[in-house]
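Listed below are the residues making up each chain.
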Amino acid sequence: TQLLEQSPQFLSIQEGENLTVYCNSSSVFSSLQWYRQEPGEGPVLLVTVVTGGEVKKLKRLTFQFGDARKDSSLHITAAQPGDTGLYLCAGGAGSYQLTFGKGTKLSVIP
Amino acid sequence: DAGITQSPRHKVTETGTPVTLRCHQTENHRYMYWYRQDPGHGLRLIHYSYGVKDTDKGEVSDGYSVSRSKTEDFLLTLESATSSQTSVYFCAISVMTGNYGYTFGSGTRLTVV
């Protein structure tokens, strides 16, 4: 069974601060995805990374896939209240279904 | 872009009654999934489908059944609802499984009393 551990579980920060959330596993994944979920809605895909060491930027969000393809991080620069939500990572392993982490709940206080 | 819709959005039902949740997609994607989301457990796969009439179990399939008679519709049935099935249920679709992103519906909040 492949598991993805996310940390921290909860994060509350002031507007304008930077933050990093982590997604770790002992298993190798062929891809790693990040989703954001807002209250009362389904998760929305933010990014997919597929190459070890890959870095992708989406405005103030930077996603990195570890060299060994076992971990990933999400860094947010100058957080805004609109970044508030539950951030989920999910690992793909070829033809198998995605494995989801339990999420990091982020609150950005104005 | 409402390529995937779930109905109903909310439902309260009594223990022991059958319940059917519907997922409808307009994207013509091959793969469809049912997840439940619970505090402390995250998203857990109930059942998935890889084509019309082709379905398989996920990690928490006990007490649930599914049917897919058309590409666009994937039904989740709780044959006899229990309080442990109180949860938020999400349907998702994808072009392929594994490395490809999922598109999720907005969810159904089910309460079994």
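Residues numbered from 1 in each chain as written. Chains lettered and ligands numbered in written order. Predicted model: local features only at pLDDT ≥ 70, side-chain atom pairs only at ≥ 80, totals over all residues. Heavy atoms only, no water.

## Some details on the pairing of strand E1 (residues 4-7) of chain B
Residues and elements named next belong to chain B. Residues of E1 alternate between two faces, with Ile 4 and Gln 6 buried on one and Thr 5 and Ser 7 left unburied on the opposite face. Judged from the 4 bridges that link them, E1 and strand E3 (residues 19-25) form a sheet pairing that is antiparallel. When the sheet's bridge partners are listed, Thr 5 is paired in E3 with His 24. (Buried < 20%, exposed > 50% of the residue type's maximum accessible area, 1.4 Å probe, protein only. Helix = DSSP H or I, 4+ residues; strand = E, 2+ residues; numbered from the N terminus. Pairing = 2+ DSSP bridges.)

## What to know about the state of the cysteines
Residues and elements named next belong to chain A. Per the counting criterion, the structure on display carries 2 disulfides over all chains. Note on cysteine connectivity: Cys 23 is disulfide-linked to Cys 89, with sulfurs 2.0 Å apart. Between Cys 23 and Cys 89 the sulfur-sulfur dihedral comes to about 75 degrees; the bridge is accordingly right-handed. In this pair, Cys 23 is assigned in strand E3 (residues 19-24) and Cys 89 in strand E9 (residues 85-92), connecting sequence segments 66 residues apart. (Disulfide = S-S within 2.5 Å.)

## With respect to the packing of aromatic side chains
Inspection of the entire model under this criterion finds 14 aromatic pairs over all chains. Look at B:Trp34 and B:Phe74: their rings are 6.5 Å apart centre to centre, the planes differ by 35 degrees, and that puts the pair in the tilted class. Here B:Trp34, found in strand E4 (residues 31-38), pairs with B:Phe74, found in strand E8 (residues 73-78); they are 40 residues apart in sequence, far enough to count as distant. With respect to class, B:Trp34 is no different from B:Phe74; both count as buried. An aromatic cluster of at least three residues, connected via ring pairs, comprises A:Tyr35, A:Phe100, B:Tyr33, B:Tyr35, B:Tyr48, B:Tyr50, B:Phe90, B:Tyr102 and B:Phe104. (Phe/Tyr/Trp six-rings, centres within 6.5 Å; stacked < 30°, edge-to-face > 60°.)

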